[in-house]
Amino acid sequence: MSRVRIKSLMNDKKAWGICDMKKVTTAACSAILLCSAAQAQSADPLAPTGSWSAYTAGRAATPPMGWNSWNAFAGTVDEEKVMGSAQRILDSGLAGKGYRYINLDDGWMAKRRLSDGHLMLRAEKFPSTAASSDKETPSFKPYTDKLHAMGFKAGIYSDMGRNTCTQAWAATDEDLPKGSVAEREVGLHDHIDQDIDMYFREWGFDYIKVDGCGLRDFGPNSAKVKAGLHRALTPIMDLGAISRTDVAAVQKLFRQVGKAIERSRPDGDFIYSLCIWGAANVRAWAKDVGNTSRTSDDITPAWGRLLVNFDSAVHRGLYAHPGSWNDPDMLYIGAGDFDADHITEARSHFALWAMLNAPLLIGADLRKTPDTLMEIFGNADIIALDQDVAGNQATVAYDSNDVQILIKTLNNGDKAVAVFNRGSGATDVNLQATQLKYRDDAPVEITDLWTKKQLSFTKETKLRVAPRETMIFRARGTRALADGFYLSELPGKVNPAVDGVTRPIADPTIFRTAYGWGGTRGAGDRPQYAGWGGARADSAPYGQTLQIARKTYQSGIGILVNSRLEVRNDRYRRFATKVGVDDSATDKTNVVTFIVYGDGKRLAETRPLKWGMPAEPIEVDVSGVKLVELVARSATTENEALPVTWGEAALTGS
Ligand code: GLA
């Protein structure tokens, strides 16, 4: 067997090295190779798998839509309030537009019955549960039956720890579980299989939000634990410090819950929503574990807080795909800065969430919501952007602290465009055809999705954007890349299976609001959400322009070295890119090899490249290939110092 032939059998560099070094016979060498390849397959995260690894179980091909009780009612939720909002969703026609999930948040739990560990609900608040056949054990089944009969799906809330967030934070104990310390342990911890089976199989829920305060707020020094109210659970998660977080342990628990849900709902009719606010570096791994994942702490009805939540997700488009979405938290339209006196802000909130492919979960008491706000929830053209089946979260085409232009590629090739004025003064914005990756010598037709006004421009147009306004359009033009798409236009098809981040750190680019939990007491909000330096569309991992040896790339994927991207290909014949170490790298010494695989087979490999060397072109035939994998490999362990660029990476030729 020739050296070349052996090499082509291998997808793993290390095994190749072993064989070469040992200078063994051909037969022995191939035996070593086969064995090492098998080992490498399991041990080497950069080895190609030939399969898409992001989460696809459940029913989240598009982001979930519906209603949640928390923003409007917090712990005072009851059946009448829930059903009142559900009825309005039905009567107003919102149900027909996709608002399907009616979700109960915290506040429904009475206690855990110690004899059998069964969770008891607050029957006095949910009178339909009195219809349960076992009078001693009220069941939510009649309640979920009622919602199902109305055409809805039903959602429930729990916590990954022993206790929930209201138990950690509520000022009074009025709406909290009652009884002994053990009876008040209503969270999933140590009860995962039992509780999940009850929620999904016995009670008929279709959606669960799993919160995380139980893993973080009940350490031995917490005031409530010290006061004897709760048993201590050594925190494994800290929103303010990733180094005080056991990421693997947190991940393990959430995976366990996912598996339990899949067992209890074998038909796959469920949504699994993670709620740990960007802690434990969840912004990087939730895409493999559940259907939606909170990227930040709670939204409040304040403009500054909207910015925080928006920023926590906006640069993370590559981490969202059909089946698993970034969740910047529920809509707060209907209160504070987003009430009927703030239509501009309310519309911005809705438009931005749609561009992010966020879950559209209404958080208002719809029994009292004025029609002007109901019309916002009901804007079918904007809902269609959020629910577009391609599942491409918007990419930031123009970025600044004042104005952002977001572009989202839709399934039919149209673009959605949002022009967001974050600031407090009106501003002029130049929207350019090239920002949409359209040719600037051909007309671009745009339709304003609020006013339905149409406009055509060539090259660029000037838009006057009011303070806090988001203009939102659907656009059609002539593509600069005529016969395909840049990968950065298709984040829904690109999964950073391994993003190279070895030391997650807080993201300093997220707006920090003065509206913190403690007013302006103390030192203020610190950068806290981990995930800085991950894979980015049209940007280097730390926000710089993509550049290789001083040449700029307007389109491309920026990622750290020792990474593996999975790219879904449904119809294209050619994959091309120009690769190299990005100029933003501080490591000028280590070399990087770029390898392209098609359905697990090596299609191309570059020579070793280091900082300052010109980009190397790769062009391969991917006809019939379902999954392209892009690996950037180096001997370094300091991945953070070595960002790499897949410049102009594109699938073309259908
Ligand atoms: C946390 C979550 C909120 C809500 C409350 C309930 O703060 O982030 O969305 O579920 O808990 O206590």
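Note that this is a predicted model, so its numbers are computed, not measured.

### Focus: the overall build of the protein chain
Of regular secondary structure, the protein chain possesses 15 helices and 31 strands. Taken against the 2.2 N^0.38 rule, which gives 26 Å for 654 residues, the C-alpha radius of gyration of the protein chain at 26 Å falls within 12% of a compact globule. In terms of its C-alpha atoms, the protein chain occupies a principal-axis envelope of roughly 75 × 65 × 50 Å. Scored against the burial criterion, the 654 residues of the protein chain give a buried share of 60%. The long-range share in the protein chain, meaning contacts at least 24 apart out of those at least 6 apart in sequence, stands at 73%.

### What to know about the state of the cysteines
In the structure shown here, the tally under the stated rule is 1 disulfide. Between Cys165 and Cys213 runs a disulfide, and the two sulfur atoms are separated by 1.9 Å. Measuring handedness by torsion sign, the sulfur bridge of Cys165 and Cys213 sits at about 90° and is right-handed. With a gap of 48 residues between them, Cys165 in helix α7 (residues 165-169) and Cys213 in the loop between β6 (207-211) and α9 (223-226) connect regions that are remote in the sequence.

### Remarks on the nonpolar core
If you look at the biggest cluster of nonpolar residues, it comprises 109 residues, and the most contacted ones within it are Trp108, Tyr199, Phe254 and Phe350. Not counting residues up to four positions away in its chain, the partners in contact with Trp108 are Leu119, Met120, Leu121, Arg122, Phe126, Phe140, Ile156, Tyr157, Tyr199 and Trp203. Counting residues in each nonpolar core, the second largest holds 35 residues, with Tyr319, Ala535, Val625 and Val628 among its members.

### Points about unusual backbone geometry
Positive phi, normally seen in glycine, also occurs at Asp538, with a value near 55°. For Asp538, the position within the fold is in the loop between β21 (536-537) and β22 (546-548). One non-glycine residue with positive phi stands out, namely Asn562, at about 60°. Position of Asn562 relative to the elements: it lies in the loop between β24 (556-560) and β25 (563-568).

### Comments concerning helix α5 (residues 79-91)
The terminal C-alpha atoms of α5 lie 18 Å apart, and with 13 residues this matches the ideal 18 Å at 1.5 Å per residue to within 8%. Looking at α5, one finds that the buried residues are Glu79, Lys81, Val82, Met83, Gly84, Ser85, Ala86, Arg88 and Ile89. Each element contacted by the buried residues of α5 is listed here: β1 (65-68), α4 (70-73), β2 (101-103), α6 (141-149) and α14 (371-377). Backbone nitrogen of Glu80 and a side-chain oxygen of the N-cap are separated by 3.1 Å at the start of α5; the cap is Asp78. In the stretch just after α5, Gly93 is the one whose phi turns positive, near 90°.

### Topic: the pairing of strand β16 (residues 454-457)
As paired elements, strand β15 (residues 444-448) and β16 share 4 bridges and run antiparallel to each other. What sits directly across from Ile446, in β16, is Leu455. Linking two consecutive strands that pair antiparallel, namely β15 and β16, is a turn of 5 residues; a positive phi of about 70° is found at Lys452 within it.

### Topic: the site of the ligand
Taken together, 13 residues form the shell around the ligand, and within it Asp105, Asp106, Lys209, Asp211 and Asp298 come nearest. Backbone polar atom of Thr166 to an oxygen atom of the ligand: 3.4 Å apart, as the coordinates give it. Between the ligand and Trp277 there is a distance of 3.0 Å, counted from an oxygen atom to a side-chain nitrogen or oxygen. Broken down by class, the residue content of the shell around the ligand amounts to 6 nonpolar, 1 polar and 6 charged.

### A look at the packing of α5 against α6
Where α5 contacts α6, the two axes come as close as 11 Å, and the packing angle between them is 10°. Between α5 and α6, the angle falls in the class roughly parallel. Judged by residue contacts, Glu79, Val82, Met83 and Ala86 of α5 engage Tyr143, Lys146 and Leu147 from α6. Across the contact of α5 with α6, the residue classes break down as 5 nonpolar, no polar and 2 charged.

### Some thoughts on the pairing of strand β27 (residues 593-598)
Across a regular strand the side chains alternate sides, sitting on one face of the sheet and then on the other. Buried residues dominate β27, accounting for 6 of its 6 residues. By the alternation rule, side chains of β27 split into Thr593, Ile595 and Tyr597 and Phe594, Val596 and Gly598, which are all buried. Two elements, β27 and strand β30 (residues 627-633), share 6 bridges in a ladder whose sense is antiparallel. For Gly598, the partnering residue across the bridge sits in β30 and is Val628. Across 4 bridges, β27 lies against strand β28 (residues 601-605) in antiparallel orientation. Looking at β28, one finds that Gly598 is bridged to Lys601. Connecting β27 to the antiparallel partner β28 that follows it, the hairpin turn spans 2 residues, and Asp599 within it adopts a positive phi of roughly 45°.

### Examining the pattern of salt bridges
Summed over all chains, the structure comprises 47 salt bridges. Among the salt bridges present, the one from Asp507 reaches Arg283, with a minimum N-O distance of 3.1 Å. Placement of the pair is Asp507 in the loop between β20 (494-498) and β21 and Arg283 in helix α11 (residues 282-285), with a sequence separation of 224 residues. Comparing Asp507 with Arg283 shows no difference in burial state: the two are buried. For Lys437, the salt bridge goes to Asp538, with nearest N and O atoms at 2.9 Å. With Lys437 in the loop between β14 (427-432) and β15 and Asp538 in the loop between β21 and β22, this residue pair connects regions lying 101 residues apart in the sequence. A relative accessible area of 13% places Lys437 in the buried class. One salt-bridge network, held together by shared partners, links Arg122, Glu124, Lys125 and Asp175.

### Some details on the side chain of Asp388
Note that Asp388 resides in the loop between α15 (380-386) and β11 (395-398). Among buried Asp, Glu, Lys and Arg side chains, Asp388 stands out as unpaired, with Lys408 the closest opposite charge at 5.2 Å. Asp388 has contacts with Thr62, Lys408, Thr409, Leu410 and Asn411, leaving out every residue within four places of it along the chain.

### Let's talk about the packing of aromatic side chains
Applying the stated criterion across every chain, the model contains 20 aromatic pairs. Judged by centre distance (5.7 Å) and plane angle (80°), the rings of Trp108 and Trp203 are edge-to-face. Of this pair, Trp108 sits in the loop between β2 and β3 (109-112) while Trp203 sits in the loop between α8 (192-202) and β6, placing them 95 residues apart in sequence. Of the two residues, Trp108 and Trp203, both sit in the buried class. Ring plane angle 65° and centroid distance 6.0 Å describe the contact between Trp303 and Phe420, whose orientation is recorded as edge-to-face. Here Trp303 is found in helix α12 (residues 303-314), whereas its partner Phe420 is found in strand β13 (residues 415-421), with 117 residues between them in sequence.

Conventions we followed
- Residues numbered from 1 in each chain as written.
- Predicted model: local features only at pLDDT ≥ 70, side-chain atom pairs only at ≥ 80, totals over all residues.
- Heavy atoms only, no water.
- Helix = DSSP H or I, 4+ residues; strand = E, 2+ residues; numbered from the N terminus.
- Rg over C-alpha atoms; globule rule 2.2 N^0.38 Å.
- Buried < 20%, exposed > 50% of the residue type's maximum accessible area, 1.4 Å probe, protein only.
- Contact = heavy atoms within 4.5 Å.
- Disulfide = S-S within 2.5 Å.
- Core = buried A, V, L, I, M, F, W, Y, C linked by side-chain atoms within 4.5 Å.
- Expected span 1.5 Å × (residues − 1).
- Polar contact = N/O pair within 3.5 Å; in protein donor to acceptor, adjacent residues only side chain to side chain.
- Pairing = 2+ DSSP bridges.
- Near = heavy atom within 4 Å.
- Nonpolar A, V, L, I, M, F, W, Y, C, P; charged D, E, K, R; others polar.
- Axes fitted to C-alpha atoms, helices over the stretch in contact; angles between N-to-C directions.
- Parallel < 35°, antiparallel > 145°, perpendicular 65-115°, else oblique.
- Salt bridge = Lys/Arg side-chain N within 4 Å of Asp/Glu carboxyl O.
- Lys, Arg positive; Asp, Glu negative; His and termini not counted.
- Phe/Tyr/Trp six-rings, centres within 6.5 Å; stacked < 30°, edge-to-face > 60°.

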